[in-house]
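Below are the chains, spelled out letter by letter.
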Number of protein chains: 2
Amino acid sequence: MKDQHVLYQHSTLATLVPGLLKGTLTMKELLQHGDTGIGTGEGLDGELIILDGQPYQVRSTGEVNLVAADFKLPFANAHFAHFEPLMTVKNLTGVQLEKRVFAATHYQNIFFALKVSGHFKQIKTRAVAKSEPPYPTLLATAQAQQVFNADGIAGTLISYYAPQLFNGVAVGGYHSHFLAANHDFGGHVLNYTVDSADVQIQAFTSLEQHFPVDDPDFMAHDFAADNIADDIEQSEK
Amino acid sequence: MKDQHVLYQHSTLATLVPGLLKGTLTMKELLQHGDTGIGTGEGLDGELIILDGQPYQVRSTGEVNLVAADFKLPFANAHFAHFEPLMTVKNLTGVQLEKRVFAATHYQNIFFALKVSGHFKQIKTRAVAKSEPPYPTLLATAQAQQVFNADGIAGTLISYYAPQLFNGVAVGGYHSHFLAANHDFGGHVLNYTVDSADVQIQAFTSLEQHFPVDDPDFMAHDFAADNIADDIEQSEK
């Protein structure tokens, strides 16, 4: 069943905050829920992006490689692509582009995906280095990251927007990953400026929020003491 | 498709907070997602409980009636029942029962449902009176409620538990509705003491969170100024 109105999410971002970074879903399982998506590997092993059913990993070394079916993920989003053209943009920062999306739609209270394909004047990304157990917190792990800059690069950005009410469940606002057209650059997007790109959008009527119920660490954890919103703010944005 | 591991939710509790109380789903549509559930009608028209596929409404007059297929709801939960026996309890308050559930399970981080069937020493419920447009806020509407007490009554309580991370999306913690065995008493449960009852439980691996995307008022609303957590605390607990 390929329901193009549903965004699938495995686990919650809050689960990562105290360092519950064990992989609880395989890439094979994730691909049953979509041909497009983003996520991370066990121990925050790089930044993942799925385009046209092909899952890519950007490692903290900057290398980009395809991901195997048994690769495990602690957190991911996926959906079946059915994007619709929204606008063509030129000479625009990411922040400006996001504002234009809200000027053109009324999607601020629902989940939706953006696909921005074209040429980027500049893009700054990061990729986290994999931690080993016992895992440190999200914040500590996210600080072990490499930042990458590219100027004048062709590629595709996939972004999921979550309403602010869902901050902690997901990243409230936009959460974007990038892959260069020639597959030699990518990562979790920190900021960018479009040279010229097509912006497509896909709105979701439902979020399918799946929990890692087979992970005893997740099931037993007391999240009450975790500083979820602040740690997400510092780790993801 | 009857997936007994999925809890369906239409809209979010946060949507009710500023008074977005228009019915955005019919009971017929809700019953496609479950034979068991709770909810409210347009304008907070009473307290609903679905048992064995039969939807009942407890009105602010205290009357209990069956709900028609075209009855509209602004907020509801439903699932297909596959409860498992958890324990038999005697002489226990609701608060004590809820603690025993967590002593017996590790479900504090996932959504689950409880079904408590038996004899109740005492139960205190409320039912909200329907508001008409322009709708007041959830807090103002919830204050237009009738409180009911019963002593020595047989019946069934359906409760949905949501992890605290989802407070605002749903009611963080337990959200319980009751129906007497003879269908002459019920409502949103404020407190109770069990005389003797069977407690059954059903854990969910996923939440299917559905948004009222066809309601322009929901789509356009700016939730930033709404005092969601406080108003839910005062309205629902």
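Residues numbered from 1 in each chain as written. Chains lettered and ligands numbered in written order. Predicted model: local features only at pLDDT ≥ 70, side-chain atom pairs only at ≥ 80, totals over all residues. Heavy atoms only, no water.

Going by an unreviewed UniProt entry, chain A carries the name Alpha-acetolactate decarboxylase and comes from Lapidilactobacillus dextrinicus DSM 20335. Annotation of chain A in UniProt includes, under Sequence similarities (unreviewed entry), the sentence "Belongs to the alpha-acetolactate decarboxylase family." Database annotation for chain A, UniProt heading Pathway (unreviewed entry): "Polyol metabolism; (R,R)-butane-2,3-diol biosynthesis; (R,R)-butane-2,3-diol from pyruvate: step 2/3." (UniProt positions renumbered as here; feature names shortened; annotations may be inferred.)

This paragraph deals with the overall build of chain A. Across its full length, chain A carries six helices and 14 strands. Since a compact globule built from 237 residues should have a radius of gyration of about 18 Å, the 17 Å found for chain A is in line with a globular shape. Over its C-alpha atoms, taken along the principal directions, chain A stretches across nearly 50 × 35 × 35 Å. The buried share of chain A, taken over its 237 residues, is 58%. Counting only carbon and sulfur atoms, one obtains 48% of the accessible surface of chain A, whose full area is about 9500 Å². (Helix = DSSP H or I, 4+ residues; strand = E, 2+ residues; numbered from the N terminus. Rg over C-alpha atoms; globule rule 2.2 N^0.38 Å. Buried < 20%, exposed > 50% of the residue type's maximum accessible area, 1.4 Å probe, protein only. Areas by Shrake-Rupley, 256 points an atom, 1.4 Å probe, with all protein chains shown as cover.)

Let us now look at the interface of chain B and chain A. The interface is formed by 27 residues belonging to chain B together with 27 residues belonging to chain A. Carbon and sulfur atoms supply 67% of the area that chain B and chain A bury against each other, a total of about 2300 Å² over both sides. Connecting chain B to chain A are zero salt bridges. Applying the counting criterion to the chain B and chain A interface returns eleven residue pairs in polar contact (both at pLDDT 80 or more). Residue assignment for the side of chain B that touches chain A shows that the elements contributing at least two residues are β14 (206-210) and α5 (216-220) of chain B. Top contributing element to the side of chain B that touches chain A by residue count: β14(B), with five residues. For the side of chain B that touches chain A, the per-class residue count stands at 16 nonpolar, ten polar and one charged. Two strands pair when backbone bridges link them, and strand β14 (residues 206-210) of chain A and β14(B) are joined in this way by five bridges, in the antiparallel orientation. Following the sheet pairing, E208(A) is matched in β14(B) by E208(B). (Contact = heavy atoms within 4.5 Å. Buried area = accessible area lost by both parts, 1.4 Å probe. Salt bridge = Lys/Arg side-chain N within 4 Å of Asp/Glu carboxyl O. Polar contact = N/O pair within 3.5 Å; in protein donor to acceptor, adjacent residues only side chain to side chain. Nonpolar A, V, L, I, M, F, W, Y, C, P; charged D, E, K, R; others polar. Pairing = 2+ DSSP bridges.)

It is worth spelling out the packing of aromatic side chains at this point. Residues and elements named next belong to chain A. Under the counting rule described, the total for this entry stands at 29 aromatic pairs over all chains. Consider the rings of F112 and Y174, whose centres lie 5.9 Å apart with planes at 80°: the pair is edge-to-face. Highlighted residues: F112 in strand β10 (residues 112-128) and Y174 in strand β12 (residues 173-180), separated in sequence by 62 residues. F112 sits in the buried class, given a relative accessible area of 0%. Every member of this aromatic cluster is reached through a ring pair, and the members are F102, Y107, F112, Y161 and Y174. (Phe/Tyr/Trp six-rings, centres within 6.5 Å; stacked < 30°, edge-to-face > 60°.)

Under the fitted operation, chain B is carried onto chain A by 0.0 Å of movement along the axis and a turn of 180°, and the coordinates agree to an RMSD of 0.0 Å. This pairing of chains is accounted for by a two-fold axis. Within chain B, E208(B) has its C-alpha nearest the rotation axis, a separation of 2.3 Å. Mapped onto chain A, 100% of the interface residues of chain B again fall at the interface, so both copies present the same surface. (Least-squares fit on C-alpha atoms with pLDDT ≥ 70 in both.)

Moving on to the nonpolar core. Core analysis: the biggest nonpolar cluster contains 74 residues, and F111(A), L97(B), F111(B), F120(B), I123(B) and F178(B) have the highest contact counts within it. With eight residues, the single largest contributor to this core is strand β11 (residues 145-162) of chain B. Dropping the residues within four chain positions of it, F111(B) is found in contact with F211(A), L7(B), Y161(B), A162(B), P163(B), F166(B), A170(B), A203(B), F204(B) and L207(B). Within the second largest apolar cluster, 27 residues are counted, among which are I123(A), A127(A), L157(A) and Y192(A). (Core = buried A, V, L, I, M, F, W, Y, C linked by side-chain atoms within 4.5 Å.)

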